[in-house]
Amino acid sequence: AQHGVPTIPFYILNVIIGFQRVGDLIWACGDSLCRGFLLGGTSGRTTLNGEGLQHQDGHSQVMASTVPNLLSYDPAFAFELAVIVREGIRRMYEVQENIFYYITVTNENYPMPVMPAGVEAGILKGMYRFRRSEVESHLRVHLLGSGAIMYQVLRAQEILARHGVSADIWSVTSYNELYRDAMACERWNRLHPDQPERVPYVAQVLKDERGCFIAASDYLKVLSQRIANWVPGPLTSLGTDGYGLSEARPELRDHFEVSAEHIALAALHRLAQDGKLSRERVKAAIGELGIDPEKRDPTM
């Protein structure tokens, strides 16, 4: 913007150090119309095991929402990252939009699936259906997964299948983009009462879905809870509120209650609240899943 020289910077940072300790500079980047990619390495509160509260990030995606021209994404898979970066280069350097990107990337190794057909638009808008359940049941839930917690969501689908629950999996690449789109639609509708109402993307993509919705991410619960107004069913948000701990990943995910077992339990409990499952069955599942109901609240 200052010198008329096109560059495509990729600034890779340790997330919690980056967004907390370089936060003023990130705001200054937006103010001076910088373009490029901030890549938040070791993202999520449960992926950088052994580092404690100093380096475990559970809130940079929430902080990213405060910068108006910063687009933030939390991809789970390599193909999602590729689609986002390709579109970012197009928008910033071909279309010349005054935006920049924050993308959280993990430090955890796990298998990368092939990209399903026709999901590119959903990746960029913030959400798409990644996998349908193979279980036919009147007990229906939708599991929303992001970033480092996606494989916990995939395991939760398997657990729920053993309980006779049909669980579709949705990959949410950006709660912030879903929220901004929904708020923009509401503003337009408010200012144009004589025009057909615009429908937020999240409401469009979920309009024909039934059942309850469980959202799990490696970030604060407030991140996913922001889209609750436009979800066509009750939304339970699981996240990593609280300080980080020095532990291994499985123990951290159990502590913050974002493990596959806790995700499955949240789905079963919501079905019981809706009167579709007995509470005795949920209590039995707690024992089967090895969950301690008297464990300490991770936010305390």
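Everything numeric here is computed off the predicted structure, so don't read it as measured data. (Residues numbered from 1 in each chain as written. Predicted model: local features only at pLDDT ≥ 70, side-chain atom pairs only at ≥ 80, totals over all residues. Heavy atoms only, no water.)

1. Looking at the sheet that holds strand E6 (residues 140-145)
Definition in use: The criterion for strand pairing is that DSSP finds at least two bridges linking the strands in question. By the criteria applied, helices consist of DSSP H or I runs no shorter than four residues and strands consist of E runs no shorter than two, each listed in order from the N terminus. Here an angle of 0 to 180 degrees is reported between the N-to-C directions of two axes, which are lines fitted to C-alpha atoms, with helices fitted over the stretch in contact.
Spatial ordering of the open sheet is given by E5-E7-E6-E8-E9, a layout of five strands whose pairing is mixed. Only two strands of the sheet have a single neighbouring strand rather than two, namely strand E5 (127-131) and strand E9 (235-238). With direction set aside, neighbouring strand axes in the sheet form an average angle of 25°. Pairing of E5 with strand E7 (residues 166-172) involves four bridges; the strand directions are antiparallel.

2. Brief notes about a nonpolar patch on the surface
What counts is decided by this rule: Like charges are joined within 9 Å and nonpolar side chains (Val, Leu, Ile, Met, Phe, Trp, Tyr) within 5 Å, but only among residues with over 30% relative accessible area and no salt bridge; these make up the patches. The protein chains shown are the only cover counted for residues, whose accessible areas, like all others here, come from Shrake-Rupley with a 1.4 Å probe. Any Lys or Arg side-chain nitrogen found within 4 Å of a carboxyl oxygen on Asp or Glu counts as a salt bridge. We call a residue buried when its accessible area falls under 20% of the maximum for its residue type, exposed when it is over 50%, and partly exposed in between, using a 1.4 Å probe and counting protein chains only.
The grouping of Ile8, Phe10 and Ile89 at the surface amounts to a nonpolar patch, some 240 Å² of accessible area in total. Along the chain, Ile89 falls in helix H4 (residues 78-94). For Ile89, a relative accessible area of 31% corresponds to the partly exposed category.

3. Concerning the sheet that holds strand E4 (residues 100-104)
Heads up, the rule is: Residues are treated as being in contact if the distance between any of their heavy atoms lies within 4.5 Å.
The strand order E1-E2-E4-E3 describes an open sheet built from four strands, whose pairing is parallel. Edge positions in the sheet fall to strand E1 (10-14) and strand E3 (70-73), since each has one partner strand and no second. Taking each pair of neighbouring strands and ignoring which way they run, the sheet shows an average axis angle of 20°. The pairing of E3 with E4 spans four bridges and is classified as parallel. Across the sheet, Leu70 pairs through a bridge with Phe100, a residue of E4. The sheet strands contacting H4 are E1, strand E2 (37-41), E3 and E4, and the helix crosses E4 at an angle near 170°.

4. Examining the pairing of E9
The alternating pattern of E9 places Leu235 and Ser237 and Thr236 and Leu238 on opposite faces, both of which are buried. Sheet analysis places strand E8 (residues 212-216) next to E9, joined by four bridges and oriented parallel. Bridging from a neighbouring strand, Phe213 pairs with Leu235 of E9.

5. Let's talk about the nonpolar core
To keep things clear, this is the line we draw: Definition of nonpolar core: a set of buried residues of the types Ala, Val, Leu, Ile, Met, Phe, Trp, Tyr and Cys, connected through side-chain atoms within 4.5 Å.
If you look at the biggest cluster of nonpolar residues, it comprises 64 residues, and the most contacted ones within it are Tyr101, Val141, Leu143, Leu160 and Ile263. If one sorts the elements of this core by residue count, helix H11 (residues 260-273) sits on top with nine residues. When sequence neighbours within four positions are dropped, the list of residues in contact with Val141 reads Leu160, Val165, Ser166, Ala167, Asp168, Cys212, Ala267 and Leu271. Judged by nonpolar contacts, the second largest core, of 19 residues, contains Leu144, Ala182, Leu206 and Leu235.

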